[in-house]
Amino acid sequence: MWPRMDGLRVLELGTPGRVRTLLTDLVLSGKKIATAGVLTLDYEAEGEEVERVGERLVLVDDTGGRAGEVEITRVELTPFASVTWEFAVAEGEGYQSVDDWRQTHRRYWAGVGHEVDDATTIVCVWFRLGRRS
């Protein structure tokens, strides 16, 4: 189950440390307006439902403190091989191509012990920054 803060689900980006700090800073700067999760790993295994449009989440920093709040604007479930360039750009991390996005995400998920293949369902979530803390 995901942590809750003030009655809202918490959005923790990446892994704690340098990666989470970088991703949180990208959201706060407005460059990152999307994030990806693996349906089986990040939702089903956690007993969580996929975000819904209009839902608000608390964005937390590397210390677990409130960094801001985001509102979900769009959600798509898609096979890993079908993630679009539009989505890769919205993640705001400077990918050079959708293949670059795929390679980076395969490495990330393998690093946390989860292999993905072309058919793995990816939850593509777009959001806008609401309140900053």
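Residues numbered from 1 in each chain as written. Predicted model: local features only at pLDDT ≥ 70, side-chain atom pairs only at ≥ 80, totals over all residues. Heavy atoms only, no water.

A.B. asks: With reference to specific residues and values, describe the packing of aromatic side chains.
C.D. replies: Under the defined criterion, the tally for this structure stands at six aromatic pairs. Here the aromatic rings of Phe 80 and Trp 101 are separated by 5.6 Å at their centres, their planes lie at 35°, and the arrangement is tilted. Of this pair, Phe 80 sits in the loop between β5 (66-79) and α3 (85-90) while Trp 101 sits in helix α4 (residues 98-111); the two residues are 21 residues apart in sequence, bridging distant segments of the chain. Note on Phe 87 and Trp 126: the rings are 5.1 Å apart at their centroids and 80° apart in plane angle, and the pair reads as edge-to-face. One end of the pair, Phe 87, is in helix α3; the other, Trp 126, is in strand β6 (residues 121-132), with 39 residues separating them in the sequence. Comparing Phe 87 with Trp 126 shows no difference in burial state: the two are buried. Put simply, the rings of Phe 80, Phe 87, Trp 101, Tyr 108, Trp 109 and Trp 126 pair up and form one aromatic cluster. Directly above the aromatic system of Trp 126 lies the positively charged group of Arg 74, at a separation of 3.8 Å from the ring centroid. (Phe/Tyr/Trp six-rings, centres within 6.5 Å; stacked < 30°, edge-to-face > 60°. Helix = DSSP H or I, 4+ residues; strand = E, 2+ residues; numbered from the N terminus. Buried < 20%, exposed > 50% of the residue type's maximum accessible area, 1.4 Å probe, protein only. Lys NZ or Arg CZ within 6 Å of the ring centre and 35° of its normal.)

A.B. asks: Could you give me a rundown of the side chain of Thr 24, with the residues and numbers involved?
C.D. replies: Looking at where Thr 24 falls in the secondary structure, it is placed in helix α1 (residues 18-29). Judged by its relative accessible area of 3%, Thr 24 falls in the buried class. At 2.9 Å, the side chain of Thr 24 forms a polar contact with the backbone oxygen of Arg 20. Those residues in contact with Thr 24 that sit more than four places away from it in its chain are Leu 13, Leu 59, Val 60, Asp 61 and Ala 67. (Polar contact = N/O pair within 3.5 Å; in protein donor to acceptor, adjacent residues only side chain to side chain. Contact = heavy atoms within 4.5 Å.)

A.B. asks: Explain the pattern of salt bridges to me, and be specific about the residues and the numbers.
C.D. replies: For the structure on display, the rule yields 14 salt bridges. Two residues, Arg 9 and Glu 55, come together in a salt bridge whose shortest N-O distance is 2.9 Å. Linking Arg 9 in strand β2 (residues 8-11) with Glu 55 in the loop between α2 (39-44) and β4 (56-60), this pair joins segments that are 46 residues apart in sequence. Both residues of the pair, Arg 9 and Glu 55, count as buried. Residue Arg 106 is joined to Asp 118 by a salt bridge in which the shortest nitrogen-to-oxygen separation is 2.8 Å. (Salt bridge = Lys/Arg side-chain N within 4 Å of Asp/Glu carboxyl O.)

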